[in-house]
Amino acid sequence: MPEAVFDDDCAEAPSAWGVRRLSPLARVGRAALDVVLPPLCLSCQTRITAHDALCPACWRQINFIRPPLCDRMGLPMPFDIGGPMLSAAAIADPPDFDRARAVARFDGLMRELIHAFKFHDSHNARRLFGRWLVEAGQEILKDADLLVAVPLARWRLISRRFNQAQILAIETGKQAHKPVRPFALVRTRATAHQIGLTRA
Ligand SMILES: [Zn+2]
């Protein structure tokens, strides 16, 4: 699954905070739901106008990765030459994958949202993450036949209870209208926790 991506132009537009077109019946249902469960910012719980979204103050804390990007690695580039370009890193040491995109830098509030999603069974952000992934990964998604998720080792699945990559693949597939094969890959060896590892 493409993991993150280029930024979205609508990153600061109110529509990106979660407003979607709903049928009249769905609007009535949603209005009733809003009375019982008013939409709250997924991070600071401030009352906002749309579900599955962040308040503007939290939104501004996300360091979205915006174009121009290295076409291969998705790294931000200092200038735009008006077409696909490769970073020095992609040329010097080409990665095994063809193309990668990322939503945002893994720091600050983004790190907190991901840790809550990954380790605390807090999957409230899945629709928001799905929207971000569809935006950031649109170049890759348009050519994709299907989405697969990186599997977890069995023992880790038991301790974590969910495979969060699978949840994101399913959500991204739903929003991008792409088929998802959550069990297409099988992990044949366990790998170390990322936590505590160095960048290398
Ligand atoms: Zn907030």
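About the cut-offs
- Residues numbered from 1 in each chain as written.
- Predicted model: local features only at pLDDT ≥ 70, side-chain atom pairs only at ≥ 80, totals over all residues.
- Heavy atoms only, no water.
- Salt bridge = Lys/Arg side-chain N within 4 Å of Asp/Glu carboxyl O.
- Helix = DSSP H or I, 4+ residues; strand = E, 2+ residues; numbered from the N terminus.
- Buried < 20%, exposed > 50% of the residue type's maximum accessible area, 1.4 Å probe, protein only.
- pLDDT = per-residue confidence, 0-100.
- Contact = heavy atoms within 4.5 Å.
- Axes fitted to C-alpha atoms, helices over the stretch in contact; angles between N-to-C directions.
- Parallel < 35°, antiparallel > 145°, perpendicular 65-115°, else oblique.
- Left-handed = near helix turned anticlockwise from the far one by under 90°.
- Nonpolar A, V, L, I, M, F, W, Y, C, P; charged D, E, K, R; others polar.
- Donors = N, O, S within 2.8 Å, 3.2 Å for Na, K, Ca; no water.
- Tetrahedral: all angles 85-135°; square planar, octahedral: opposite > 155°, others 65-115°.
- Core = buried A, V, L, I, M, F, W, Y, C linked by side-chain atoms within 4.5 Å.

Examining the pattern of salt bridges
Logical step 1: Taken as a whole and judged by the stated rule, the model has seven salt bridges.
Logical step 2: Here Arg127 makes a salt bridge to Asp52, at a shortest N to O gap of 3.4 Å. In this pair, Arg127 is assigned in helix α5 (residues 126-136) and Asp52 in the loop between α1 (24-36) and α2 (56-59), connecting sequence segments 75 residues apart.
Logical step 3: The exposure class of Arg127 is partly exposed, given its relative accessible area of 31%.
Logical step 4: Judged by relative accessible area, Asp52 falls into the buried class, the value being 11%.
Logical step 5: Ionic pairing is found between Glu139 and Arg101, a salt bridge with its closest N-O pair at 3.0 Å. With a gap of 38 residues between them, Glu139 in helix α6 (residues 138-141) and Arg101 in the loop between α3 (88-92) and α4 (108-119) connect regions that are remote in the sequence.
Logical step 6: Of the residues examined, Glu139 reaches a relative accessible area of 28% and is grouped as partly exposed.
Logical step 7: In this structure, a network of salt bridges that share partners links the residues Asp71, Arg101 and Glu139.

Some words on the confidence of the model for the chain
Logical step 1: Confidence along the chain averages 84 in pLDDT terms, with 88% of residues attaining 70 or more.
Logical step 2: Per-element confidence in the chain is highest for α2, whose mean pLDDT is 97, and lowest for α1, whose mean pLDDT is 73.
Logical step 3: With pLDDT under 50 throughout, residues 1-19 is counted as low confidence; its partners more than four residues away or in other chains account for 67 contacts.

Notes on unusual backbone geometry
Logical step 1: Backbone torsion omega between Pro67 and Pro68 reads 5°, so that peptide bond is classified as cis.
Logical step 2: Tracing the backbone through its elements, the reader meets Pro68 in the loop between α2 and α3.
Logical step 3: For Gln45, which is not glycine, the phi dihedral falls at a positive 70°.
Logical step 4: Residue position: Gln45 is located in the loop between α1 and α2.
Logical step 5: Overall, Gln45 belongs to the partly exposed group, its relative accessible area being 47%.
Logical step 6: Despite not being glycine, Asp52 has its phi angle at roughly 55°, a positive value.

Focus: the packing of α4 against α5
Logical step 1: Here α4 crosses α5 at 125°, and the two axes come no closer than 11 Å. As judged from the angle between their axes, α4 and α5 are oblique. Every pair of crossing elements has a handedness; the one defined by α4 and α5 is left-handed. Each of Met110, Leu113, Ile114 and Phe117 in α4 lies in contact with α5, whose residues at this interface are Arg126, Phe129 and Trp132.
Logical step 2: Here the residues of the contact of α4 with α5 are counted per class, giving six nonpolar, no polar and one charged.

A few points about the coordination of the zinc ion
Logical step 1: For the zinc ion, the full set of protein donor atoms is Cys41 (SG), Cys44 (SG), Cys55 (SG) and Cys58 (SG), at a range of 2.3 Å.
Logical step 2: Taken together, the four donor atoms surrounding the zinc ion define angles of 103 to 117° at the centre, an arrangement classified as tetrahedral.
Logical step 3: Looking at Cys44, the relative accessible area reads 37%, which means it is partly exposed.

Some words on the nonpolar core
Logical step 1: Ranked by internal contacts, the top residues of the largest apolar core, which has 23 residues, are Leu54, Ile62, Val103, Leu113, Phe129 and Trp132.
Logical step 2: The set of elements that each furnish at least two residues to this core consists of α2, α4, α5 and α8 (164-176).
Logical step 3: Among the elements that take part in this core, α5 stands out by supplying five residues, more than any other.

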